[in-house]
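What follows is each chain in one-letter form.
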Amino acid sequence: IEEWWSTASGKARKDFLKAYFAEFGQGVLEFLRAESQVCKTCGGKGVSVSQAGADGPEVRTACGVCNVAGEERIVICR
């Protein structure tokens, strides 16, 4: 997670902290449920694939949204 945190956008960090607090905040918020959905950025692959030049090798980079998980976790609370 440290590698993801160092490259994540401010919005992604904020969303992660809010979801973590909602799920593990010890009763401050009422946790209703957690859901997962396929990561829209990488299509569930967990990586971004690009080509290094016209005939170069395939380059795989960890998805900046799901950090190779292939899914996004959504926490519902009130």
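This text gives an overview of the structure that appears in the document.

What counts as what
- Within each chain, residues carry numbers counting from 1 in the order of the written sequence.
- For this predicted model, a pLDDT threshold of at least 70 governs which residues receive local features, and a threshold of 80 or more governs which side-chain atom pairs are given and counted, while totals over whole chains, interfaces and linings are taken from all residues.
- Side-chain numbers here rest on the full set of heavy atoms in the structure, without hydrogens or water.
- Patch definition: residues with relative accessible area over 30% and no salt bridge; like charges joined within 9 Å; nonpolar side chains (Val, Leu, Ile, Met, Phe, Trp, Tyr) joined within 5 Å.
- Accessible surface is estimated by sampling points in the Shrake-Rupley manner with a 1.4 Å probe; for residues, cover comes only from the protein chains shown.
- In what follows, salt bridge is the name for a side-chain nitrogen of Lys or Arg lying within 4 Å of a carboxyl oxygen of Asp or Glu.
- A run of DSSP states H or I qualifies as a helix once it reaches four residues; a run of E qualifies as a strand once it reaches two. Both are numbered from the N-terminal end.
- A simple rule labels every residue: compare its accessible area, found with a 1.4 Å probe on the protein chains alone, to the largest value its type can have, and call it buried under 20%, exposed over 50%, or partly exposed in between.
- Note on aromatic pairs: the rings of Phe, Tyr and Trp (six-membered ring only in Trp) are paired at centre separations within 6.5 Å, and the planes decide the class, stacked below 30 degrees, edge-to-face beyond 60, tilted for the rest.

Okay, a nonpolar patch on the surface next. On the surface, Phe 16, Leu 17, Tyr 20 and Phe 24 cluster together into a nonpolar patch covering about 410 Å² of accessible area. For Phe 16, the position within the fold is in helix α2 (residues 10-24). On the accessibility criterion, Phe 16 (32% relative accessible area) is partly exposed.

Our next topic: the pattern of salt bridges. Scanning all chains against the criterion turns up three salt bridges. For the salt bridge of Arg 33 with Glu 35, the shortest nitrogen-to-oxygen distance reads 2.6 Å. Residue classification places Arg 33 among the partly exposed residues on the basis of a relative accessible area of 42%. Residue Arg 60 pairs with Glu 58 through a salt bridge whose shortest N-O separation is 3.3 Å. Judged by its relative accessible area of 56%, Arg 60 is exposed.

The next subject is the packing of aromatic side chains. If you walk through the whole model with that rule in mind, you get five aromatic pairs. Taken together, a centroid distance of 5.7 Å and an interplanar angle of 55 degrees make the contact between Trp 4 and Phe 16 tilted. Taken together, the residues span a long stretch of sequence, with Trp 4 in helix α1 (residues 2-7) and Phe 16 in helix α2 at a distance of 12 residues. For Trp 4, a relative accessible area of 9% corresponds to the buried category. Here the aromatic cluster, defined as three or more aromatic residues joined through ring pairs, consists of Trp 4, Trp 5, Phe 16, Tyr 20 and Phe 24.

Okay, the environment of Val 28 next. Mapped onto the elements of the fold, Val 28 is located in the loop between α2 and β1 (31-38). Classification of Val 28 as exposed rests on a relative accessible area of 57%. Linking Val 28 and Arg 78, residues 50 residues apart in sequence, is a C-alpha distance of 9.3 Å.

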